[in-house]
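Close look at the chain arrangement
Listed here are the chains, written in short residue letters.
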Amino acid sequence: MVADWNGQVALVSGAGSEQGIGIAIAKRLGSLGVKLIVTGSSARINDRVAELRAAGFEAEGRSTNLCEESQVLEFTSWAESVWGRIDILVNNAGMASQGHPEPFADLASMSLETWNLSITRNLTTAFLLTRAVLPGMRRRGYGRIVNISSTTGTRAGNPGEAAYAAAKAGMIGMNMSLALEVAGYGITVNSVAPGWIATGSSTPDELEAGRYVPIGRAGRPEEVAAAVTFLASPESSYITGEVLVIDGGNCLVENKAFKK
């Protein structure tokens with residue numbers, strides 16, 4: 001049983017964006033003394049590593065195509081060799097990669113290629129990374145896995161996002177079954193489901209939607225990071241298979257015509 005953060009190592013995927021959820025999570029964990037391994041889909045991850053080190057955190061990182069099984073296996077082998085362990089895995093990769101935004105398409109006209117791209121990017125990446133780090137966690141009898149899902153697909157939907165919604169809903173299903181499979185090994189598996197969060201990749205329409213959240217604004221990446229950090233903490237040892245919604249109360253609104 002791990003009693004504190006001392007000596008822990010976290011792997012955070014999807015941490016390439018300067019204003020994204022991934023880097024906010026890494027900074028939050030780093031501030032607690034956790035050693036950091038970050039990855040992203042492009043060379044800009046090197047800038048994030050430099051940024052983390054400049055803040056005084058112990059950090060390493062590499063660009064990796066997490067959609068490719070061979071690259072995931074190579075990356076995780078390297079990651080575990082850096083400090084000899086991975087205690088925390090945050091599956092944040094997905095939604096969009098640099099230069100390749102998430103495609104929108106009605107299901108009736110969606111190509112199989114578009115469907116597979118979204119499922120692979122938003123769900124298969126989490127499967128591949130999780131499968132790769134599980135043996136070490138099981139061997140050590142400790143681990144925290146936190147998946148970044150979404151309110152899209154788990155609490156609500158958007159036209160043109162059937163594939164993305166299916167992937168994020170699939171993540172919750174994977175979350176529940178895996179939680180049961182590893183509960184006896186001291187490993188917990190939980191998800192957070194952000195709503196409208198203002199990041200560097202937010203579109204004008206998404207930022208506008210955030211104005212209509214009951215709290216009156218879009219969320220901040222740091223607010224998602226705070227929830228992830230709790231679920232990644234030693235103190236969360238009796239919480240597993242759960243989903244924490246972070247949406248400012250947006251999913252609670254039944255009467256969409258209601259105005260304060």
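See the structure shown above.
Remember, predicted model here, so these are calculated numbers, not experimental data.

Counting secondary structure elements, the protein chain contains 7 helices and 7 strands. Starting at the N terminus and walking to the C terminus, you meet the elements of the protein chain as β-α-β-α-β-α-β-α-β-α-β-α-α-β. Relative to the compact-globule value of 18 Å for 260 residues, the protein chain shows a C-alpha radius of gyration of 18 Å, a close match. Going through the 260 residues of the protein chain one by one, you find that 48% of them count as buried. Accessible area of the protein chain: about 12,400 Å², with a carbon and sulfur share of 53%.

Let us now look at the environment of P221. Along the chain, the position of P221 falls in helix 7 (residues 221-231). Taking the relative accessible area as the measure of exposure, P221 reaches 8% and is therefore buried. Each C-alpha atom, one on P221 and one on V12, is 14 Å from the other, the two residues being 209 residues apart in sequence. Setting aside anything within four residues of it in sequence, one finds P221 in contact with Q19, G20, I21, A24, I197, A198 and T199.

Next up on the list: the pattern of salt bridges. What the rule picks out here adds up to 8 salt bridges. For the salt bridge of E51 with R48, the shortest nitrogen-to-oxygen distance reads 2.9 Å. Of this pair, E51 and R48 both sit in helix 2 (residues 45-54), separated by 3 residues, roughly a single helical turn. With relative accessibility at 24%, the residue E51 sits in the partly exposed group. Classification of R48 as buried rests on a relative accessible area of 8%. Between R220 and E223 there is a salt bridge, with the nearest N and O atoms lying 3.2 Å from each other. Relative accessible area serves as the criterion here: at 43%, R220 is assigned to the partly exposed category. When salt bridges that share partners are traced, they join K27, R48 and E51 into one network.

Rules of the game
Residues numbered from 1 in each chain as written. Predicted model: local features only at pLDDT ≥ 70, side-chain atom pairs only at ≥ 80, totals over all residues. Heavy atoms only, no water. Helix = DSSP H or I, 4+ residues; strand = E, 2+ residues; numbered from the N terminus. Rg over C-alpha atoms; globule rule 2.2 N^0.38 Å. Buried < 20%, exposed > 50% of the residue type's maximum accessible area, 1.4 Å probe, protein only. Areas by Shrake-Rupley, 256 points an atom, 1.4 Å probe, with all protein chains shown as cover. Contact = heavy atoms within 4.5 Å. Salt bridge = Lys/Arg side-chain N within 4 Å of Asp/Glu carboxyl O.

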